[in-house]
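# Survey of secondary and tertiary structure
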Amino acid sequence: MAEAGGGAGAVRMVLLGPPGSGKGTQASAMQRRWGLVHLASGDLLRANVKENTELGRKARPYMDAGELVPDELILDMMEDRLSQPEAQAGFVLDGFPRTLAQAEALDERLERREQRLAAVVYLRVTEEEILRRLSGRLTCPQCNAIYQVDTMPPRQMGICDKCGSALVQRADEQPEVVRNRLRVYEEQTAPLAEYYRSRGLLHEVDGAIGVERVLAEISRMLEQAAKQAQAG
Ligand code: AP5
C-alpha cells in the first residue's frame, strides 16, 4: 500500500481482537509503513502508571487484575490524544474502543467532525495460540516495541533492537490474569464485532498467519474499502 487509504484521504481505523491477537504488532507496523498514528490505550495507560500520574494511580488496580479501566477515564484520555494535530492525518486505534459505551462515544466524536471510520479489523486467533504467545512476549517499556521469544526474538536476548532498553514481561501476563483478560474480552469487548458488522465496517482477518501476511491482508482490505467508499 503506497499511501494510507490508497490515496482516499485520512484513514481512521480500529483493530479489534482478544489480548495477544497482534493488535499492537500490526498497529506499529502500520505506523512505520504507512505513517498512521498508532493510538494504543494500553500503552497510554502504562505510561501513566510509570509516571505515577493521577490517571495511572486510578487505572493500575484494574490493569493488574485484568479488568477494564472505567469508561470515563479512558474516554478523557482518548479524547485528548485524538485531538492532537498529528492524529488529524489518520490513525489506527489499538485497544480502544473496548465497550459499547466507548464505541458509541467514538462514533459521536467522529460524527461531530464529519469523519468516519474506514474499517474495523478483527484479528481472529485461538485461545491456545494466545496463551502460547503471551507466555513468551517481551515488551520494551521505553518505546513499546513487541517481541516473542520463540517467533520474534530480539537480536540480543532481553534488549530492545530499536532503543537498546531492557525488555520486560508485562505485569498483566501471569496466566491467571491473562485468563481473566480473555473472560473480560468475551463479555465486554467481543460484542463490538456485531456492533461494527451491522454498520458494514467489520473485516475479519486470520491473525494466526505470519505478521507480514496479516499486514498484507489488512492492506488489501483497506484498499477495497477505499474503492467501495469512492464508488458509493
Ligand atoms: P492492552 O495493552 O490494550 O492489552 P490487550 O488488548 O489485552 O492486548 P495485548 O497488548 O496483550 O495484545 P495485542 O493484541 O496488542 O498483541 P501483541 O501485538 O502484543 O490493555 C491492557 C490493559 O489496559 C487492559 O487489561 C485494561 O485493564 C486496560 N485498558 C486498555 N485499553 C482499555 C480500554 N479501552 N478500556 C478499558 N480498559 C483498557 O502480540 C502478542 C504476541 O504475539 C507478541 O509477543 C507478538 O510478538 C506475537 N505476535 C503478534 N502477531 C503475531 C503473528 N501474526 N504471528 C505470530 N506471533 C505474533
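Structure first, text after, so check above.
This one's a predicted model, so the numbers in the text were calculated from it and none came from an experiment.

## What to know about the overall build of the chain
For the chain, the count of helices and strands is 9 helices and 7 strands. Radius of gyration (C-alpha) of the chain: 17 Å, near the 17 Å computed for a compact globule of 232 residues. A principal-axis box enclosing the C-alpha atoms of the chain has dimensions of 50 × 35 × 35 Å. Looking at the chain residue by residue over its 232 residues, the buried ones come to 49%.

## Regarding the pairing of strand 3 (residues 90-94)
For strand 3, the buried fraction is high: 5 of the 5 residues fall into the buried class. Residues Gly90, Val92 and Asp94 of strand 3 are buried on one face, and the alternating residues Phe91 and Leu93, pointing to the opposite face, are buried as well. Where strand 1 (residues 11-16) and strand 3 come together, 5 bridges link them in parallel fashion. Paired with Val14 across the two strands is Leu93, which belongs to strand 3. Bridging between strand 2 (residues 37-40) and strand 3 involves 4 bridges; their strand directions are parallel. Paired with Val37 across the two strands is Phe91, which belongs to strand 3.

## Observations concerning the packing of aromatic side chains
Think of a pair of aromatic rings as described by two things: how far the centres are apart, and how the planes are tilted against each other in angle. One pass over the full model with this rule turns up 1 aromatic pair. With a centroid separation of 5.1 Å and 90° between ring planes, the pair formed by Tyr195 and Tyr196 is classed as edge-to-face. Over the face of the ring belonging to Tyr195 we find Arg199, whose NZ or CZ atom lies 3.6 Å from the ring centre.

## Re the site of the ligand
With respect to spatial proximity, 35 residues lie near the ligand, and among them Thr25, Ser41, Glu67, Arg137 and Arg181 are the closest. With respect to the ligand, the side chain of Ser41 contributes an N or O atom lying 2.7 Å from a nitrogen atom. At a separation of 2.9 Å, an oxygen atom of the ligand approaches a polar side-chain atom of Arg170. Taken by itself the ligand offers 1100 Å² of open surface, and the protein chains cover 96% of this. Those elements that place two or more of their residues in the shell around the ligand are helix 1 (23-34), helix 2 (41-50) and strand 6 (146-148).

## Notes on unusual backbone geometry
Each neighbour pair has its own omega, and for Phe96 with Pro97 the value is 0°, a cis peptide bond. Despite not being glycine, Glu114 shows a phi value in the positive range, around 55°. Within the secondary structure layout, Glu114 lies in the loop between helix 5 (100-112) and strand 4 (119-124). Of note, the phi angle at Asn144 is positive, near 70°, even though the residue is not glycine. Structurally, the position occupied by Asn144 is in the loop between strand 5 (137-139) and strand 6.

## Thoughts on the environment of Tyr185
Residue position: Tyr185 is located in helix 7 (residues 175-189). Taking the C-alpha atoms as reference points, Tyr185 and Ala119, 66 residues apart in sequence, are found 20 Å from one another. The residues contacting Tyr185, other than those within four sequence positions of it, are Gly17, Pro18, Pro19, Tyr122 and Ala190.

What counts and what doesn't
- Residues numbered from 1 in each chain as written.
- Predicted model: local features only at pLDDT ≥ 70, side-chain atom pairs only at ≥ 80, totals over all residues.
- Heavy atoms only, no water.
- Helix = DSSP H or I, 4+ residues; strand = E, 2+ residues; numbered from the N terminus.
- Rg over C-alpha atoms; globule rule 2.2 N^0.38 Å.
- Buried < 20%, exposed > 50% of the residue type's maximum accessible area, 1.4 Å probe, protein only.
- Pairing = 2+ DSSP bridges.
- Phe/Tyr/Trp six-rings, centres within 6.5 Å; stacked < 30°, edge-to-face > 60°.
- Lys NZ or Arg CZ within 6 Å of the ring centre and 35° of its normal.
- Near = heavy atom within 4 Å.
- Polar contact = N/O pair within 3.5 Å; in protein donor to acceptor, adjacent residues only side chain to side chain.
- Areas by Shrake-Rupley, 256 points an atom, 1.4 Å probe, with all protein chains shown as cover.
- Contact = heavy atoms within 4.5 Å.

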